[in-house]
Each structure stands twice: as structure tokens, then as C-alpha cells.
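# Architecture at a glance
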Amino acid sequence: MQQYEGKAKRVTVRDDGDVEIYYKDDATAFNGQKHELFAGKGALNSQIAERLLVYLQQRGTPTHHVQRLDDRTLLAKRVKIFPLEVVVRFKVAGSLAKRTGLPDNTVCAPPIVETYYKRDDLGDPIVNDDHIRLLGIATPADVLTLRRMALKAALDLKALCDKAEIDLVDLKLEFGQSGAGILLADEVSPDTCRFRDKKTGSSLDKDVFRQGKGDLLSGYREVLQRFEKALAEVVRA
Ligand code: TMP
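Residues numbered from 1 in each chain as written. Predicted model: local features only at pLDDT ≥ 70, side-chain atom pairs only at ≥ 80, totals over all residues. Heavy atoms only, no water.

### Remarks on the site of the ligand
- Around the ligand, the structure places 15 residues, and the nearest of them are Arg89, Ser95, Asp170, Lys172 and Arg194.
- Within the side chain of Ser95, a nitrogen or oxygen atom sits 2.6 Å from an oxygen atom of the ligand.
- Here an oxygen atom of the ligand sits 2.5 Å away from a polar atom, N or O, in the side chain of Asp170.
- Its free accessible area being 450 Å², the ligand has 77% of it covered by the protein chains.
- In the shell around the ligand, the residues fall into five nonpolar, three polar and seven charged. (Near = heavy atom within 4 Å. Polar contact = N/O pair within 3.5 Å; in protein donor to acceptor, adjacent residues only side chain to side chain. Areas by Shrake-Rupley, 256 points an atom, 1.4 Å probe, with all protein chains shown as cover. Nonpolar A, V, L, I, M, F, W, Y, C, P; charged D, E, K, R; others polar.)

Right under this line is the structure:
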């Protein structure tokens, strides 16, 4: 069986063509330079990702998610991943603060959509539509689709975050090509989104690890609890 070892997940391709995505306890930052294990992180992240992918699917974004297999493994459709990270930003933080000099938390209205070339050896550089055409990694029509899908998913996630008293600062999405068209793939979790408490502004995501500022998993547990409550309200409404 084919296996792909990622920094935080292990992907196994099954004979039926689906993939098993095992969420590991590893946290990495700065292109893998910082690395630590957090017992229970994989299970927590798989639960958050499952809930958010199902929610986005229900709101009309096609995703690769199929079903849960065990406490830290999700079954997904096999896709050919575009080697692009699509980042949607509602507020300035992280690399955008560094690139522009704007203060953290400056509102981006309208939201900003960026594309990064997934190449660890190059440090995942930001690329524009012309670079993507030059590289031949997605057609101009596909890039438009990715940007449109990313923005819709981001706005739907922001609506859920608002209900959960979470400030969605930014998020990173990945997409893949399947027989049934382009699907949202990979994960949506505190590893890939900046979630901050609306009242206090404190980070409930991987920034806690990136910046070494406290207990990573207590934030992840808080995010899961708040999303569960907000999703129950969405179902009742
Ligand atoms: P950035 O500010 O470092 O560019 O990150 C933007 C968003 O993308 C943030 O929510 C964290 C997420 N992200 C990933 O999921 N993987 C990555 O490798 C990087 C650099 C960022």
C-alpha cells in the first residue's frame, strides 16, 4: 500500500482508491525547524477537521471527506493535490504583517486571497497568477475556481466562528482534482487557521506553539467545544 508521510498526518492509499488520513501528535513550525509531540493532538485535530469539513460540505463546498474510521483517522476521497496553499485573510497577522509592516489585527476589507507554492525546499514562496501559469501547476481557470472556492469556504467558516465567539484571522486551504471535479482537501483545524478568542484576543491555534506562549492543547480543546456548541445551534436554527 502506498503511504505518504506528512509533518502532521500520514496518508495511506487504499485499494478501493480512497485514502486513510491518520492525524499524528506532531506539531511543526517554520518549515519543520521547530518540532514537538503533544499527546492527544491528532485525535483532537481530526475531530475539529471532521466537524468543519462536514459543515463546509453542508454549506455547499465539495470536500474530500468521507467518514471517520477511528479516533484519529478520517477516510477521504483520493485527489490530485494542487501544489498550492490558498490563504484567506480577514485580518493582518503572521507573514502578512512581516511583508507589509502593517500592525497585527489590522482588518483586511475585503478579505485578501493569496497563493503559495507548496515546495518545502523553497520555503513555500508566495506566487501570483502569472507565476502559477509559468510553473504550469494549475490552469488560469482552475486558479479562479480555487480562489472562489476558498473565499466561499472562508466566509462560511467565519460565520460559524462568529457564533462560537472566535475571531477567524486567517486560514490556509488546499484543493485537489478528483474525477468529480475540484474538492476542498487536506484539513481545516487550529493547525491551519488562526483562531483567537473574540473577547481576549488570545490565540486558540498553532500560534501558541509557533510563539511558545502556553498550553497548545487547551486552546484546541476550547475550539472543539465552542464549535460543537455553535454547530448544535446551527442545526436547531
Ligand atoms: P502565514 O501568516 O504564516 O502566512 O500563515 C497564514 C495562515 O496559513 C495561518 O492561518 C497559518 C496557515 N499556515 C499553514 O496552515 N501552513 C503553513 O505552512 C503556513 C506557513 C501557514
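### Observations regarding the nonpolar core
- Formed by 51 residues in total, the largest nonpolar core has its most connected members in Leu171, Phe175, Val188, Phe195 and Phe227.
- Counting seven residues, the second-largest nonpolar core is a separate cluster that includes Val13, Tyr23, Leu74 and Ala76. (Core = buried A, V, L, I, M, F, W, Y, C linked by side-chain atoms within 4.5 Å. Buried < 20%, exposed > 50% of the residue type's maximum accessible area, 1.4 Å probe, protein only.)

### Considerations on the pairing of strand β14 (residues 193–197)
- Counting buried positions along β14 gives five out of five residues, so the element sits mostly inside the fold.
- Alternating residues of β14 divide into Cys193, Phe195 and Asp197 and Arg194 and Arg196, and every residue in both groups is buried.
- In this structure, strand β12 (residues 166–178) lies alongside β14, joined through five bridges in antiparallel fashion. Bridging across to β14, Leu171 finds its partner in Cys193. (Helix = DSSP H or I, 4+ residues; strand = E, 2+ residues; numbered from the N terminus. Pairing = 2+ DSSP bridges.)

### Brief notes about the pattern of salt bridges
- Considering all chains together, one arrives at 34 salt bridges under this definition.
- Residues Glu5 and Arg10 are paired through a salt bridge, measuring 3.0 Å at the closest nitrogen-oxygen approach.
- With a relative accessible area of 53%, Glu5 lands in the exposed category.
- When its relative accessible area of 26% is taken as the criterion, Arg10 is described as partly exposed.
- Where Asp129 meets Arg147, a salt bridge forms, and the shortest distance between an N and an O atom there is 3.9 Å. Separated by 18 residues along the polypeptide, Asp129 in helix α3 (residues 129–135) and Arg147 in helix α4 (residues 140–163) bring together distant segments of the chain.
- Its relative accessible area of 28% is what places Arg147 among the partly exposed residues.
- Through salt bridges with shared partners, one network takes in Arg89, Arg99, Glu114, Asp170, Arg194, Asp207 and Arg210. (Salt bridge = Lys/Arg side-chain N within 4 Å of Asp/Glu carboxyl O.)

### As for the sheet that holds strand β3 (residues 19–23)
- Read from one edge to the other, the open sheet built from five strands follows the order β1-β2-β3-β7-β6, with strand pairing classed as antiparallel. Looking at the sheet topology across the chains shown, the edges are occupied by β1 (3–5) and β6 (65–70). Averaged over all pairs of adjacent strands, the angle between strand axes in this sheet comes to 20°, irrespective of strand direction.
- In this structure, strand β2 (residues 9–13) lies alongside β3, joined through five bridges in antiparallel fashion. Its bridge partner lying in β3, Arg10 is registered against Tyr22.
- The strands touched by helix α1 (residues 41–58) within the sheet are β3, β6 and β7 (73–76), with β6 carrying the most contacts at an inclination of about 150°. (Axes fitted to C-alpha atoms, helices over the stretch in contact; angles between N-to-C directions. Contact = heavy atoms within 4.5 Å.)

### Things to note about unusual backbone geometry
- Cis rather than trans, the peptide bond between Ala109 and Pro110 has omega equal to 0°.
- Here Pro110 lies in strand β10 (residues 107–117).
- For Asn105, which is not glycine, the phi dihedral falls at a positive 85°.
- Mapped onto the elements of the fold, Asn105 is located in the loop between α2 (94–100) and β10.
- In this structure, Asp186 is a non-glycine residue whose phi angle is positive, near 55°.
- A relative accessible area of 14% means that Asp186 is categorised as buried.

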